[in-house]
Amino acid sequence: MTVRVRFAPSPTGYLHIGSARTALFNYLYARNVGGKFLLRIEDTDLARSTEESTRSILDGLKWLELDHDEEIVFQSDNADKHRAAALKLLAEGKAYRDFTPRAEPGGQNVKEGIAERARANQGVRNMRDNEYRELDPDDSDARAAAGEPFAIRLKVPLDGITVFEDKVYGLQERNYDDTEDLVLLRSDGHPLYNLAVVCDDIEMGITDVIRGQDHLTNAHKQILIYNSLGVEPPNFAHLPLILAPNKGKLSKRKHGEVVSMTTYRDAGFLAAAFRNFLALLGWSAGEEKEIYSLEELVEKFSFEGIHRSNAVFNFKENDPRHWTDDKAQWMNAEYIRTMPLEELLPFVKAELKSAKLWREEYEPEGRALSETIASTSDVGPDERPAAMAIDLPEHGSHDWFVHTVDLIRQRFFTLKDFSRQGRAYFSEDYDFDPAAVEKNLSKFPDLRSWLPELADRFEAMGSFMEPEIESVVKAFAEEKATKLGIIMNGARTLLTGVAVGPSMLAVFETIGQERSIRRLRSRMAWNSGV
RNA sequence: GACCGGUUCGUCUAGGGGUCUAGGACACCGCCCUUUCACGGCGGCAACACGGGUUCAAAUCCCGUACCGGUUACCA
């Protein structure tokens, strides 16, 4: 039998980080065993479900590249089937009509109300002591026919236990006594979650249900429904939860955008990096390795590697440097710095495009992309031999673009850095970081005249490549009896607007002779300073 | 309250009775490299929740306690 799993989010918000991981694990398992990964939108709570949310969830999945098989199922389309199932159970005496008037929906905090009531009922109430449970079927029919509203509840057997072997949590047993006669159909005819899930999973032929641990007790209720319906329950695998730094629930209300998948997409994260991070939250291949490609994750995925304890998603709300989990940030930087250049290029292109920094000249002309890369980036920027310099691409060309991306990515964390910190490489219109101006320019007033003077030296140069640049700048620093670093850092600030970056010689060379000269002479940074 | 689950460095984790003076990663802190730096290299700090057993031997097995989480809806 081929494995069929599903990811079944309810569209009441964007794709939450925990849901994203659930989707990932479903996907990994399906691909690992050659099964199908299906998608179902659980939109039966009309009041809370929105189309926008559905779109956002789909966007998130698409971004993570978790492609689903077959058509998306919308649970609301199946309401009639759910009702029919409830009616069938009613007809078979496996469910009953509850004529108890619907209770007033509690105050603001539903959960607290539930806990409160549970405490109050402590030891008194049998979970199945409903007065209508054993109502004579004829009476029941008569009252229903008279138009009296009723809910349909499952008639949970008196004695026995539900048992299943959870693929993560192991053997799970629960006394029927601990499960109430759950409502299948609301008095307004609306099918409820547990019924809908079971019916849909049966209809979709789901063999393995992989979802958050918050559904562990639902599994028992659902098994009861499967039993009543006479259908063999699927396998269950529950995943540990992802918690907030205070070990509480991670929610949009409390934690805001950090939990949304779109935040990461918009912040310049690579899907591959984020997937990698997500996979390691609650799962381990049992080896000392952190970086896994999707293919490796698929290959190594197993339920044995999944934890039983919840994981904390660590971040500091008011600290920009740690706005999200440090490891996620590191992972993304690691990908940007080390992934094959040809895979990174399209992302940089998209980023530059959206920042209006992309130029058609960066487009490869005729040459295959890989060919270009081989000629410019096999050698790391730091140990590029002199011979390479001969081929140094001209600014504005595709080769230059490739060369530049490879040079500047070494200190970048997100795709956004290419259009922000790296803006000066692609545009004449860039800002100066006040801290950099303060640190590298304002402190050394002499640079105000020295840097334009250095520009004059550059202008006199024939070839503008690292070795020549180096001797010119060194001679200049000696002449001015100052430290080379002062000149270099001042120039860096003028040329790039920021205080950090690759080797300054490489920066000069990459920015190019003409632009370097112009920028060294510019007064803009000085005027922007304090 | 009841039922269910969990508890190894700040965080993610390795660990399935001896190889554990508990390993890796991130973060943090030093040092080195360097013209600077958020790259890189080297190093440091830092954990088996607690109490009882079982055993020659326990982070690993059993029991209890504490704490944390989930569920307990005519929500999903």
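Residues numbered from 1 in each chain as written. Chains lettered and ligands numbered in written order. Predicted model: local features only at pLDDT ≥ 70, side-chain atom pairs only at ≥ 80, totals over all residues. Heavy atoms only, no water.

Asker: Teacher, can you tell me more about empty space enclosed by the protein here?
Answerer: Using a probe with the size of a water molecule, rolled over the atoms, empty space left in the structure can be pinpointed. Scanning the model with the defined rule gives four cavities of 30 Å³ or more in all. A volume near 90 Å³ is recorded for the largest cavity. Every residue lining the largest cavity is listed: Ile408, Arg411, Phe412, Gln421, Gly422, Tyr425, Thr496, Val498, Val500, Gly501 and Pro502. Along the lines of polarity and charge, the residues of the lining of the largest cavity split into six nonpolar, four polar and one charged. (1 Å grid on protein atoms, 1.4 Å probe; cavity = no way out; pocket = protein on both sides within 12 Å on 5 of 7 lines; lining within 4 Å. Points joined across faces, edges and corners; volume = space filled by probe spheres on them. Nonpolar A, V, L, I, M, F, W, Y, C, P; charged D, E, K, R; others polar.)

Asker: What is the right way to look at helix 23 (residues 504-511) in this model?
Answerer: Residues spaced three or four apart along an α-helix point in a common direction, a consequence of the helix completing one turn every 3.6 residues. For helix 23, a buried count of eight out of eight residues is recorded, marking the element as mostly surrounded by other parts of the structure. Where helix 23 is buried, its residues contact helix 16 (398-408), helix 18 (423-426), helix 20 (447-459), helix 21 (466-479), helix 22 (484-496) and helix 24 (513-521). Once helix 23 finishes, Gly512 follows within two positions and takes phi at roughly 95°, a positive value. (Buried < 20%, exposed > 50% of the residue type's maximum accessible area, 1.4 Å probe, protein only. Helix = DSSP H or I, 4+ residues; strand = E, 2+ residues; numbered from the N terminus. Contact = heavy atoms within 4.5 Å.)

Asker: Sorry, what's going on with the pairing of strand 9 (residues 208-212) here?
Answerer: A regular strand carries its side chains on alternate faces of the sheet. The element strand 9 is extensively covered by neighbouring structure, given that five of its five residues are classed as buried. Alignment of strand 9 against strand 10 (residues 235-239), held across five bridges, turns out to be parallel. Bridge assignment links Asp208 to a residue of strand 10, and that residue is Asn235. The β-α-β motif built from strand 9, the intervening helix 7 (residues 216-229) and the parallel element strand 10 has right-handed crossover chirality. (Pairing = 2+ DSSP bridges. Right-handed = clockwise from strand over helix to strand, strands pointing away.)

Asker: Looking at this model, I keep getting lost on the packing of helix 1 (residues 17-32) against helix 10 (residues 271-279). Mind explaining?
Answerer: Any two packed helices are characterised by how steeply their axes cross, that is the angle between the axes, and by the distance between the axes. Running from N to C, helix 1 and helix 10 cross one another at 90°; their axes reach a closest spacing of 10 Å. Relative to helix 10, the element helix 1 is oriented roughly perpendicular. On helix 10, the residues that touch Ile17, Ala20, Arg21, Leu24 and Phe25 of helix 1 are Phe274, Arg275, Leu278 and Ala279. Taken together, the residues that form the contact of helix 1 with helix 10 break down as seven nonpolar, no polar and two charged. (Axes fitted to C-alpha atoms, helices over the stretch in contact; angles between N-to-C directions. Parallel < 35°, antiparallel > 145°, perpendicular 65-115°, else oblique.)

Asker: Would you mind showing me how to read the protein's contact with RNA strand B here?
Answerer: In the neighbourhood of RNA strand B, 72 residues make up the surrounding shell, with Asp45, Thr100, Arg102, Gly282 and Arg411 lying closest. Considering RNA strand B, the proportion of its atoms within 4 Å of the protein that are sugar or phosphate atoms stands at 66%. Ser10 places a side-chain nitrogen or oxygen 2.8 Å from a sugar or linking oxygen of RNA strand B. Note that a phosphate oxygen of RNA strand B is positioned 3.4 Å from one of the side-chain N or O atoms of Thr44. Those elements giving two or more residues to the surface near RNA strand B turn out to be helix 4 (110-120), strand 5 (151-154), strand 7 (170-175), helix 7, strand 12 (311-312), helix 12 (326-338), helix 22 and helix 23. Per-element tally for the surface near RNA strand B: the top contributor is helix 4, with five residues. (Near = heavy atom within 4 Å. Polar contact = N/O pair within 3.5 Å; in protein donor to acceptor, adjacent residues only side chain to side chain.)

Asker: Can you help me understand the environment of Met524 in this one?
Answerer: With respect to the helices, strands and loops of the structure, Met524 is situated in helix 25 (residues 524-528). Distance from Met524 to Phe432, taken between C-alpha atoms, is 8.6 Å for residues 92 residues apart in sequence.

Asker: Where do I start with the nonpolar core in this structure?
Answerer: Within soluble globular proteins, side chains that are nonpolar tend to cluster in buried spots. Core analysis: the biggest nonpolar cluster contains 119 residues, and Phe274, Phe313, Phe401, Phe458 and Phe508 have the highest contact counts within it. Counting residues per element, this core draws most heavily on helix 1, which supplies nine residues. In this structure Phe313 touches Ile17, Ile242, Leu243, Ala244, Pro245, Leu250, Val258, Tyr264, Phe277, Leu281, Thr324 and Asp325, once residues within four positions along its chain are discounted. By size, the runner-up hydrophobic cluster in this structure holds 19 residues, among which are Leu90, Leu182, Val198 and Ile225. (Core = buried A, V, L, I, M, F, W, Y, C linked by side-chain atoms within 4.5 Å.)

Asker: Explain the sheet that holds strand 8 (residues 183-185) here, please?
Answerer: Two modes of strand pairing occur in sheets, parallel and antiparallel, and in both the strands are linked by backbone hydrogen bonds. On the basis of which strands lie adjacent, the open sheet formed by three strands has the order 4-5-8 and antiparallel pairing. Both edges of this open sheet fall to strand 4 (95-98) and strand 8, since each of them pairs with a single strand only. The average undirected angle you get between the axes of adjacent strands in this sheet is 40°. Bridge analysis of strand 4 against strand 5 gives four bridges, and the strand direction is antiparallel. Bridging across to strand 5, Arg97 finds its partner in Ile152.

Asker: Looking at this model, I keep getting lost on the side chain of Arg519. Mind explaining?
Answerer: Among the structural elements, Arg519 can be located in helix 24. For Arg519, the contacting residues outside a window of four places in its chain are Ala424, Ser427, Glu428, Tyr430, Leu494, Leu495 and Ile511.

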